[in-house]
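# Summary of the model geometry
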Amino acid sequence: VQQRFLREVAVLDAVGKNHSQIPALYAYFSQAGQFYLVQEWIDGEPLLAMPQAVWAEEKVLTLLNSVLLVLSHVHSQNVIHRDIKPGNILLSRVNGLPYLIDFGSVKELMSSVIGSAGTVKSSIVIGTPGFMAPEQAAGRPTFASDLYSLGLTAIYLLTGRSPGEMPTHSQT
């Protein structure tokens, strides 16, 4: 647990200090077996907490363009967020910009570990059902997994319905 916490600290430090739409990491510590992060306060509200009104296409496109720039930065650091969803995007009350939060499930891309049978070992499955890409659910997230989740977030904003409420087709 401590190793995962320290990995999250390193990732937050790397991605947060170089992008204005990711809360900066100020400090971290452990006390009585609990781990704590001290991050920049963003005066805002998660997309999930906003009224369930359907967003206009133009508003969703503006949000997507802004979040895609944040994801481009995150991915340039060889980091996959793995939990893009309405609850992890805050809209600032100060400047109206979206902020990407909750990097607790990040995956750093490092050299692949090859098992004795010659197969690539998969990572732990982390993410939110409904917003998680199929390859991520199978334990093999990629940068595209974050884009898939962002796309489902856009669908949520455009329809007011979470992925679990959407109709499905058995063949697709």
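In this report, the structure presented in the accompanying data block is examined. (Residues numbered from 1 in each chain as written. Predicted model: local features only at pLDDT ≥ 70, side-chain atom pairs only at ≥ 80, totals over all residues. Heavy atoms only, no water.)

### A look at the pattern of salt bridges
Within this structure, the stated rule accounts for three salt bridges. Where R93 meets D43, a salt bridge forms, and the shortest distance between an N and an O atom there is 2.9 Å. Of this pair, R93 sits in the loop between β5 (89-92) and β6 (98-100) while D43 sits in the loop between β2 (34-39) and β3 (44-46), placing them 50 residues apart in sequence. Overall, R93 belongs to the exposed group, its relative accessible area being 53%. The partner of D83 in a salt bridge is K85, with the nearest N and O atoms 3.6 Å apart. When its relative accessible area of 9% is taken as the criterion, D83 is described as buried. (Salt bridge = Lys/Arg side-chain N within 4 Å of Asp/Glu carboxyl O. Helix = DSSP H or I, 4+ residues; strand = E, 2+ residues; numbered from the N terminus. Buried < 20%, exposed > 50% of the residue type's maximum accessible area, 1.4 Å probe, protein only.)

### A closer look at the packing of aromatic side chains
Applying the stated criterion across every chain, the model contains three aromatic pairs. Plain terms: the ring middles of F5 and Y28 are 6.2 Å apart, the flat faces sit at 65 degrees to each other, and that makes the pair edge-to-face. One end of the pair, F5, is in helix α1 (residues 2-16); the other, Y28, is in strand β1 (residues 25-31), with 23 residues separating them in the sequence. F5 sits in the buried class, given a relative accessible area of 10%. For the cation-ring pair, K59 lies above W55, with the distance from its terminal atom to the ring centre recorded as 4.3 Å. (Phe/Tyr/Trp six-rings, centres within 6.5 Å; stacked < 30°, edge-to-face > 60°. Lys NZ or Arg CZ within 6 Å of the ring centre and 35° of its normal.)

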